[in-house]
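Architecture and fold: a report
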Amino acid sequence: MEAVGTRVRSRLVRVVDGLAENGLAVVPRFLPPGLVEPLGAEVRQQWVSGAFRQAAVGRGTRRQLRPDVRRDHVRWLDPLDCSPPERGWLRTMERLRRALNRELQLGLLDFETHATVYPPGAFYRAHLDRFADADHRTVSCIAYLNHDWSVADGGALRIHLDGDAAGTFLDVSPLAGTLVVFDSGRYRHEVLAARRERMSLTGWFTRRV
Ligand code: OGA
Ligand code: MN
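Position labels on residues start from 1 in each chain and follow its written sequence. Lettering for chains starts from A, numbering for ligands starts from 1, and both go in the order in which the items are written. Only residues with pLDDT of at least 70 are given local features in this predicted model, and only at 80 or more are side-chain atom pairs given and counted; all residues enter the totals for whole chains, interfaces and linings. Each side-chain value is worked out from all heavy atoms of the structure, with water and hydrogens disregarded.

1. Description of the site of ligand 1
As a reminder, the rule being used: Here a residue is near a molecule or strand as soon as one of its heavy atoms is found within 4 Å of it. Polar contacts, as used here, are pairs of N or O atoms within 3.5 Å; protein pairs need one atom able to donate a hydrogen and one able to accept it. Residues neighboring in sequence count only if both atoms are side-chain atoms. Values of accessible area rely on a 1.4 Å probe in the Shrake-Rupley scheme; residue burial ignores everything except the protein chains shown. Buriedness for pockets is judged along seven lines, at least five of which must meet protein on both sides within 12 Å for an open set on the 1 Å grid over protein atoms alone, while cavities are sets there where a 1.4 Å probe fits but cannot get out, and lining residues have an atom within 4 Å of a point. Being in a pocket or cavity means that more than half of the molecule's atoms lie within 2 Å of its grid points. In this description a helix means any DSSP run of H or I spanning at least four residues, a strand means any run of E spanning at least two, and both kinds are numbered starting from the N terminus. Residues are sorted three ways: Asp, Glu, Lys and Arg are charged, Ala, Val, Leu, Ile, Met, Phe, Trp, Tyr, Cys and Pro are nonpolar, and all the rest, Gly among them, are polar.
Surveying the vicinity of ligand 1 reveals the residues Y124, H127, D129, I142, Y144, L157, H189, V191, R198, T202 and W204. In this structure, an oxygen atom belonging to ligand 1 sits 3.2 Å away from a side-chain N or O atom of D129. R198 places a side-chain nitrogen or oxygen 2.8 Å from an oxygen atom of ligand 1. For ligand 1, the accessible surface in isolation is 290 Å², of which the surrounding protein chains cover 99%. Comparing atom positions with the cavity grids shows ligand 1 to sit within the largest pocket. At the level of elements, β5 (124–127), β6 (137–144), β10 (188–191) and β11 (198–206) are the ones that each hand at least two residues to the shell around ligand 1. Ranked by residue count, the leading element in the shell around ligand 1 is β11, at three residues. In terms of residue class, the shell around ligand 1 is made up of six nonpolar, three polar and two charged.

2. Side note on the packing of helix α1 (residues 6–22) against helix α3 (residues 84–104)
Condition: In this description, a line fitted to the C-alpha atoms serves as the axis of each element, helices being fitted only across the stretch in contact, and the angle between N-to-C directions of two axes falls anywhere from 0 to 180 degrees. Each angle receives one of four descriptions, namely roughly parallel if under 35 degrees, roughly antiparallel if over 145, roughly perpendicular if within 65 to 115, and oblique otherwise. Each crossing gets its handedness from the near helix: less than a right angle anticlockwise from the far helix is left-handed, clockwise is right-handed. We call two residues in contact when some of their heavy atoms are within 4.5 Å.
Here α1 crosses α3 at 50°, and the two axes come no closer than 10 Å. On the basis of their axis angle, the class for α1 and α3 is oblique. Crossing of α1 against α3: the hand is right-handed. Of the residues in α3, those touching α1 at V8, L12, V15, V16, L19 and A20 are R95, L96, A99, L100, E103 and L104. Taken together, the residues that form the contact of α1 with α3 break down as 10 nonpolar, no polar and two charged.

3. A short note on α1
Where we set the bar: How far a helix is expected to stretch is found by multiplying one less than its residue total by 1.5 Å. A simple rule labels every residue: compare its accessible area, found with a 1.4 Å probe on the protein chains alone, to the largest value its type can have, and call it buried under 20%, exposed over 50%, or partly exposed in between. Picture the helix axis, draw a direction to every C-beta atom, and the arc is the one those directions span.
End to end, α1 covers 24 Å across 17 residues, agreeing with the expected 24 Å (1.5 Å per residue, within 8%). If you check which residues of α1 are buried, you get V8, R11, L12, V15, V16, G18 and L19. For α1, the angular spread of buried residues about the axis comes to 165°, placing them on one side. In α1, the exposed positions that point more than 90 degrees away from the buried face belong to T6 and E21. With its phi angle positive at about 70°, G23 sits one or two positions after the end of α1.

4. Some words on the packing of aromatic side chains
To be explicit about the condition: The rule is short: rings of Phe, Tyr and Trp, with Trp giving its six-membered ring, pair when the centres are within 6.5 Å, and they are stacked under 30 degrees, edge-to-face over 60, tilted in between.
For the structure shown, the criterion picks out four aromatic pairs. Aromatic side chains W76 and W204 sit 6.4 Å apart centroid to centroid with 40° between the ring planes, which places their arrangement in the tilted category. One end of the pair, W76, is in strand β3 (residues 73–76); the other, W204, is in strand β11, with 128 residues separating them in the sequence. W76 sits in the partly exposed class, given a relative accessible area of 40%. For W204, a relative accessible area of 6% corresponds to the buried category. On the basis of an interplanar angle of 40° and a centroid distance of 4.8 Å, the ring pair of F111 and F205 is categorised as tilted. Taken together, the positions of F111 in strand β4 (residues 110–118) and F205 in strand β11 put the pair 94 residues apart, joining distant regions of the chain.

5. What to know about the sheet that holds strand β9 (residues 179–183)
Convention followed: Two strands qualify as a pair provided DSSP detects at least 2 bridges between them.
If you trace the seven strands from one edge of the open sheet to the other, you get β1-β9-β6-β11-β4-β3-β2, paired in antiparallel fashion. One side of each edge strand has no neighbouring strand; the edge strands of this open sheet are β1 (24–27) and β2 (53–54). For β4 and β11, the ladder comprises nine bridges, and the chain directions are antiparallel. The residue bridging F111 from the neighbouring strand is F205, located in β11. Where helix α2 (residues 33–48) meets the sheet, it contacts β3, β4 and β11, and its direction lies at approximately 105° from that of β11. Packed onto the sheet, α3 meets β3, β4, β6, β9 and β11 and runs at close to 130° relative to β4.

6. Here's the deal with the packing of α2 against α3
The interhelical angle for the contact between α2 and α3, taken along N-to-C directions, is 125°, at an axis separation of 9 Å. In terms of their interaxial angle, α2 and α3 are classed as oblique. When you trace α2 past α3, the crossing you get is left-handed. Contact with α2, carried on its side by L35, P38, L39, E42 and Q46, involves P85, E86, G88, W89 and T92 of α3 and no other residues of that element. For the contact of α2 with α3, the residue count by class is five nonpolar, three polar and two charged.

Note that all results are geometric; they support no functional claim without further evidence.
In structure tokens:
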């Protein structure tokens, strides 16, 4: 049994319970400041040094740049070649993966993840995190790295609770440390236009298909 602190365990329980009850969990202060700070500094530095590329939609032969759909920029993490803060993120998510498999028998095998930057004005229109030709993405996870975010800064994650863009929704502010986790096949969601630079880590627990 690995030694995991009480605080970590209670945060994992909140994610497990939210997923079990609603297929959705929003947990403020999920990431501790000791991880958020170095992650934020590193993503910022990688962004400034040009290590990101414009995000695309679809994959394989369907992959295409669609600035009408999304304008964020991403940098994929390589688990075999990552920095100490990135490793901290991967370790945290590995604990979550094991908790979800143990408590909910989800059979999650892997985690793919990228850092994300929305420059001012960027958005991501309503979508599901499932490719049309594959459903190996099972659980979506987003952790935010932005301090002092106010409603006037825009950039909320809008989760459509009824499956369609006309129904009720939940807006999540991309505040440093908050983790959002949801069933990838269930919730359509979008990122409203951000008025200042917006940084996050986005990842998916995957299953074999
Ligand atoms: C995504 C996504 C939401 C967010 O990258 O697929 O929906 O809040 N991100 O960054
Ligand atoms: Mn998404």
